[in-house]
Amino acid sequence: MLPRCAISVCHVFVLVLCLSSAEDFDWTKNDHGSFYYGTFPAGFSWGAGSSAYQTEGAWDKDGKGLSIWDVFSHKKGKIQQNDTGDSSCEGYHKIKDDVGLMKELKLNHYRFSISWPRLIPTGIKSDHINEKGIQYYNELIDHLLENKITPIVTLYHWDLPQFLQERYGGWQNISMVNHFNEFANLCFERFGNRIKYWMTFNNPWSVAVEGYETGEHAPGLRLRGTGAYKAAHHLIKAHAKVWHTYDTQWRAKQKGLVGISLSGHWGEPVDISNQKDIEAAERYVQFYLGWFATPIFHGDYPQEKSYIKGTCDFLGVGHFTTRYITQKNHPSARSSSSYFTDRDLAELVDPRWPDPGSEWLYSVPWGFRRLLNFVKSQYGNPMIYVTENGVSEKILCTELCDDWRIQYFKDYTNEMLKAIKDGVNVKGYTAWSLLDKFEWDEGYSERFGLYYVDFRNKNKPRYPKASVQFYKRIISSNGFPNQREVENWRRKAVETCSTSNQLLAAEEQRSTAANILRLIHDPLTSHMEMVTEIVVPTVCTLSILLSAVFLMFLLRRRN
Ligand code: BGC
């Protein structure tokens, strides 16, 4: 998400911040602490999400082509621990199991993405269509529908066919617009009779900035100052083209909607009485959301105004966190100009904000309400589906008792409820994510799932975290009935997770012992590898380790 260097800048600045200013900021009439008891509008859709590369695995199965993420993750040093999405959650082989989990949660919708190279291995439709890939998504869609879960489909969640990257330079090249359109058209043709909600892109900001400017994501290019802008330009054009294709060829028959999922942090001015800070905060949000939303909603884009304007039937909003923003002039040396220097601002965080997981992810629920209000006022109150919202964890032992995730979901969904009361047209919410999964450059080190996945076990078993119980209650009550009940949900959720925790601990002990036996019989496996596999810095794992060492000692003596 945010480059690490930028985060450390935040940390430096945070100490000198005057934080009281936010308290006076009242345009949303929002006092931060208050909780609103009430329900969501009837028909509000509750869901959870995933994406193809993050969960499917089966990276080279059944005729799938390579994606830029397959190639990037196989390069040493790109991903934490050199993890890859090769098998990930094995979602490709677990349709029934996973739809079962969704049923357990009583989800109304499930958001997933289609892997372009699984359907079209080279990315070029006239080369070859992989019918086995089509079959997989057919099964997934049919199974969801049989279980009354509405599929919401993203066409592009970052896994560009590698061939298109190699031959054309990927999103640096205008030819992607047509290739993507052909892929989208194929999806409309094969799945459109059953899919009513399409999204062209997931978080195009990340595709452009992290893929082509900072190089933290695939394809890993560092084209400072030009890469992100060029990619974004082609992404916007591709989006518009696909929307027009649907509009002219499929809409009348299929009656679906085509939108785009944009992600953005909220940016709050450090000093609300300082015009420069107010403008910097506005720029911050514009450089995330506005970059894509302004052309799409207002057509404020040179040459292609009318073609791009209005190409959004609904807006997907992905949101996780907030920053304080202040004006900061970057030196304007031409050679060092980049997306980041162009924004001319500094990001800061409040040290009191909880940050249970990913380094960049602070829990700041009130920022969500502000972002939603911003979308309402800037883009003519569009229909919104929240496409991503959630939190990860860094604690490795008590994963299943995720009280902090309960708190995050409770507070963020409550701010969304307040936004709806403010008049924002939010129709659905997608918790991110259904499962723990491959987190891009962070590998498996960050867990966003409602369900824990044991990645060390080949079968990738899933275990419910406490937040499953809590989210389920929000869904079945369609909101928050009253304080007593909501607190009760939380207490019960945390109680039940301890049983699941014991199950998981027993399973982990079993597989650790199995690993050790395997290692003892494999003289080539280094001590270091064994340690990486079994050491986690928590008390419970230390005890597992001690028993393991003892076991090794006994076995060695017997030999
Ligand atoms: C991405 C997700 C990812 C999440 C957390 C989002 O912007 O779309 O794929 O899991 O960030 O890193």
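To be clear, the structure that these remarks concern was listed above.
The structure contained in this document is the topic of the report that follows. (Residues numbered from 1 in each chain as written. Predicted model: local features only at pLDDT ≥ 70, side-chain atom pairs only at ≥ 80, totals over all residues. Heavy atoms only, no water.)

### Regarding the packing of aromatic side chains
Okay, step 1: One pass over the structure, following the stated rule, counts 60 aromatic pairs.
Okay, step 2: Considering the side-chain rings of Trp 69 and Phe 438, the 6.3 Å spacing of their centres and the 75° angle between planes classify their relative orientation as edge-to-face. With Trp 69 in helix H4 (residues 68–74) and Phe 438 in the loop between strand S12 (426–431) and strand S13 (451–453), the pair connects residues that are 369 residues apart, well separated along the chain.
Okay, step 3: Trp 69 gets classed as buried once you look at its relative accessible area, which sits at 1%.
Okay, step 4: Relative to Trp 198, the ring of Phe 188 has its centre 4.9 Å away and its plane inclined at 80°; by these criteria the two rings are edge-to-face. (Phe/Tyr/Trp six-rings, centres within 6.5 Å; stacked < 30°, edge-to-face > 60°. Helix = DSSP H or I, 4+ residues; strand = E, 2+ residues; numbered from the N terminus. Buried < 20%, exposed > 50% of the residue type's maximum accessible area, 1.4 Å probe, protein only.)

### With respect to the sheet that holds strand S8 (residues 315–318)
Okay, step 1: Spatially, the eight strands close up into a barrel ordered S2-S3-S4-S5-S6-S8-S11-S12, and their pairing is parallel. Put simply, the sheet's adjacent strands are angled 25° from each other on average, direction ignored.
Okay, step 2: One ladder, built from four bridges, connects strand S11 (residues 384–389) with S12; its direction is parallel. Bridge pairing in S12 places Val 386 opposite Tyr 429. (Pairing = 2+ DSSP bridges. Axes fitted to C-alpha atoms, helices over the stretch in contact; angles between N-to-C directions.)

### Thoughts on the nonpolar core
Okay, step 1: With 149 residues, the main nonpolar core has Trp 171, Trp 198 and Met 416 as its most contacted residues.
Okay, step 2: In this structure, Ile 152, Met 199, Phe 314 and Tyr 385 belong to the second largest nonpolar core, which totals five residues. (Core = buried A, V, L, I, M, F, W, Y, C linked by side-chain atoms within 4.5 Å.)

### Describing the side chain of His 157
Okay, step 1: You can see His 157 is positioned in the loop between strand S4 (150–156) and helix H8 (162–168).
Okay, step 2: For His 157, a relative accessible area of 2% puts it in the buried group.
Okay, step 3: Within the structure, His 157 has its side chain in polar contact with the side chain of Asn 202 (distance 2.9 Å).
Okay, step 4: Residues within four places of His 157 in sequence aside, it is in contact with Ser 51, Gln 54, Arg 111, Ser 113, Asn 202, Glu 388, Trp 432 and Trp 440. (Polar contact = N/O pair within 3.5 Å; in protein donor to acceptor, adjacent residues only side chain to side chain. Contact = heavy atoms within 4.5 Å.)

### Regarding the pairing of strand S6 (residues 257–263)
Okay, step 1: Across the seven residues that make up S6, a large majority, six, are buried.
Okay, step 2: Relative to S6, strand S5 (residues 197–202) runs parallel, the two being bridged by four bridges. Note that in S6 the partner of Met 199 across the bridge is Gly 259.
Okay, step 3: As defined by bridge partners, S6 adjoins S8 across four bridges and the pair is classed as parallel. When the bridges of S8 are listed, Leu 262 appears paired with Val 317.

### What to know about the pattern of salt bridges
Okay, step 1: Here the structure, examined in full by the defined rule, presents 25 salt bridges.
Okay, step 2: Residue Arg 405 is joined to Asp 402 by a salt bridge in which the shortest nitrogen-to-oxygen separation is 2.8 Å. Summarising the burial analysis for this pair, Arg 405 and Asp 402 share the class buried.
Okay, step 3: A salt bridge links Lys 465 to Asp 436, with the shortest nitrogen-to-oxygen separation between them at 2.8 Å. With Lys 465 in the loop between strand S14 (462–464) and helix H17 (466–477) and Asp 436 in the loop between S12 and S13, this pair connects stretches of sequence that are 29 residues apart. (Salt bridge = Lys/Arg side-chain N within 4 Å of Asp/Glu carboxyl O.)

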